[in-house]
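Summary of structural features
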Amino acid sequence: MPSSEKFRDYVLAQFNGELLEGGFRVTTRKMMGEYILYADGKIFGGIYDDRLLVKPVVAAKAMLPSAKLQLPYDGAKPMLRITDEQIADKGFLARLLNAMLPEVPAAKKKK
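Being a predicted model, the structure only gives us computed values, none of them experimental.

Remarks on helix α4 (residues 90-100)
The buried count for α4 comes to 8 of 11 residues, which makes it a mostly enclosed element. Taken residue by residue, α4 has G91, F92, L93, A94, L96, L97, N98 and M100 as its buried positions. Between a side-chain oxygen at the N-terminus of α4 and the backbone nitrogen of G91 the separation is 3.2 Å; the capping residue is D89.

See the structure below:
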């Protein structure tokens, strides 16, 4: 089931509602009915089947100790699921992203 634009818009509003370090914004790119999440030119997560998932970097694991690892799609690497309550907390999302970004590698450049 592809993710809805309504859920994507809600998640973007939650991330972009707080000032993020460096002044960047969270953006998305649609891919096969789902949405890849970018910040500061880095892929840090995605929206899959109306679930917000982030890369399981050390900072994310520390801030999300009880988060469940879930597959975004068959054959993908597991990611950490952000709960609806956590998504509703703009401050938490900003802190999570600011902690994660130094550990997330830059997106690979297309040839």
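Still to come is the rest of the account.
Points about the pairing of strand β3 (residues 42-48)
Within β3, 6 of the 7 residues are buried, which leaves the element mostly enclosed by the surrounding structure. The loop that links strand β2 (residues 34-39) with its antiparallel partner β3 comprises 2 residues; one of these, D40, has a positive phi angle of about 55°. As defined by bridge partners, β3 adjoins strand β4 (residues 51-54) across 4 bridges and the pair is classed as antiparallel. Across the sheet, residue Y48 finds its bridge partner in β4, namely R51. Hairpin remark: β3 followed by β4, antiparallel, with 2 residues in the connecting loop; positive phi at D49, about 50°.

Digging into the side chain of Q70
Here Q70 shows up in strand β5 (residues 69-70). One polar contact links Q70 to R51, side chain to side chain, over a distance of 2.8 Å.

As for the environment of A62
Relative to the helices and strands, A62 is located in helix α2 (residues 58-63). Classification of A62 as exposed rests on a relative accessible area of 60%. Taking the C-alpha atoms as reference, A62 lies 24 Å from D50; in sequence the two are 12 residues apart.

As for the pattern of salt bridges
Taken as a whole and judged by the stated rule, the model has 2 salt bridges. For R8, the salt bridge goes to D9, with nearest N and O atoms at 2.6 Å. Taking the relative accessible area as the measure of exposure, D9 reaches 40% and is therefore partly exposed. For D49, the salt bridge is made with R51, and the minimal N-O distance between the two is 3.8 Å. Residue classification places R51 among the buried residues on the basis of a relative accessible area of 13%.

Things to note about the nonpolar core
Counting 26 residues, the largest nonpolar core has F15, F44 and L52 as the members making the most contacts within it. Those elements that provide at least two residues to this core are α1 (5-16), β2, β3, β4, β6 (79-82) and α4. In terms of residues, this core owes the most to one element, α4, which gives 5 residues.

Things to note about unusual backbone geometry
Phi angles above zero are rare outside glycine, and M32 is one such case at about 55°. For M32, the position within the fold is in the loop between β1 (26-31) and β2. Since its relative accessible area comes to 78%, M32 is described here as exposed. Despite not being glycine, D40 has its phi angle at roughly 55°, a positive value.

The rules behind these values
- Residues numbered from 1 in each chain as written.
- Predicted model: local features only at pLDDT ≥ 70, side-chain atom pairs only at ≥ 80, totals over all residues.
- Heavy atoms only, no water.
- Buried < 20%, exposed > 50% of the residue type's maximum accessible area, 1.4 Å probe, protein only.
- Helix = DSSP H or I, 4+ residues; strand = E, 2+ residues; numbered from the N terminus.
- Polar contact = N/O pair within 3.5 Å; in protein donor to acceptor, adjacent residues only side chain to side chain.
- Pairing = 2+ DSSP bridges.
- Salt bridge = Lys/Arg side-chain N within 4 Å of Asp/Glu carboxyl O.
- Core = buried A, V, L, I, M, F, W, Y, C linked by side-chain atoms within 4.5 Å.

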